[in-house]
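Remarks on the overall topology
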Amino acid sequence: MDTVEDRLAALEAQVAALSERLTAAPPPPPAPEGTFWALDGLKQRLPPEGSGAVLYTGTVRVAGQHYDWQYGRTVDDLLAGDWEELPSILSALAHPVRLRLLREILGGRQSTSELAEIEELGTTGQLHHHLRQITAAGWLRSAGRGRYAVPAERVVPLLAILTAAGR
């Protein structure tokens, strides 16, 4: 017959094993067939001796608009390209008010009067300053009469940058 100490030790071992199983992270499920269909298609188009490529694609519906976009570049082209203008294009996104403006404009608030109603965006002068910055960088275009739009060719790239930044 087991002693109380033996039974208690066995019970503690069972509780510890159960606790370990409950707190251990489950292994990630295997990727379903076809998960990397875009990547697989890209690989089929690349020469075997190349250094690879980057592809981004998307289909987006926002504020009653639909955008389909796909773009890819080889790594060799990207690394050999001119990076001089990239800091100003990217730095235009590096301000919370500018990101909020882009989100609001994508969401359908496209006039300066609608945007000026949002207190967090600052004064009218500050609002116009930020609109000029992101327009100069190509993330916005004037649609006339104090209205702005994110150019169709920039919608998916903008969302891809935000996706990459959030990972």
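Details of the structure are given in the entry above.
These remarks concern the structure in this document. From a predicted model like this one, the values you see are computed outputs, not experimental measurements.

Procedures and definitions
- Residue positions are given per chain, counted from 1 along the sequence in the order it is written.
- For this predicted model, a pLDDT threshold of at least 70 governs which residues receive local features, and a threshold of 80 or more governs which side-chain atom pairs are given and counted, while totals over whole chains, interfaces and linings are taken from all residues.
- Only hydrogens and water are set aside; all other atoms, that is, all heavy atoms of the structure, feed into the side-chain values.
- Helix and strand definitions here come from DSSP, where helices need a minimum of 4 consecutive H or I residues and strands a minimum of 2 consecutive E residues; each element is numbered from the N-terminal end.
- By this rule the span expected of a helix is its residue count minus one, scaled by 1.5 Å.
- The cut-offs for exposure are 20% and 50% of the maximum accessible area for each residue type, with area from a 1.4 Å probe on protein chains only; residues under the lower value are buried, those over the upper are exposed, and the others partly exposed.
- Our arc is simply the arc of the directions from the helix axis toward the C-beta atoms.
- Within this document, salt bridges are pairs made up of a side-chain nitrogen of Lys or Arg and a carboxyl oxygen of Asp or Glu, the two lying within 4 Å of each other.

1. A closer look at helix H7 (residues 124-136)
Between its terminal C-alpha atoms H7 stretches 18 Å, which fits the 18 Å expected from 13 residues at 1.5 Å a residue. Within H7 the residues assigned to the buried category are Leu127, His130, Leu131 and Ile134. Down the axis of H7, the smallest arc covering the buried residues is 100°, so these residues share one side. Those residues of H7 that are exposed and angled more than 90 degrees off the buried face are Arg132 and Ala136.

2. Things to note about the pattern of salt bridges
Within this structure, the stated rule accounts for three salt bridges. The residue arginine 100 makes a salt bridge to glutamate 104 at a minimum N-O spacing of 2.8 Å. A residue pair is termed a helical-turn pair when its members lie 3 or 4 positions apart in one helix, as arginine 100 and glutamate 104 do in helix H5 (residues 96-106) at four residues. Glutamate 104 is paired through a salt bridge with arginine 109; the nearest N and O atoms lie 3.4 Å apart. Through salt bridges that share partners, Arg100, Glu104, Arg109 and Glu120 make up one connected network.

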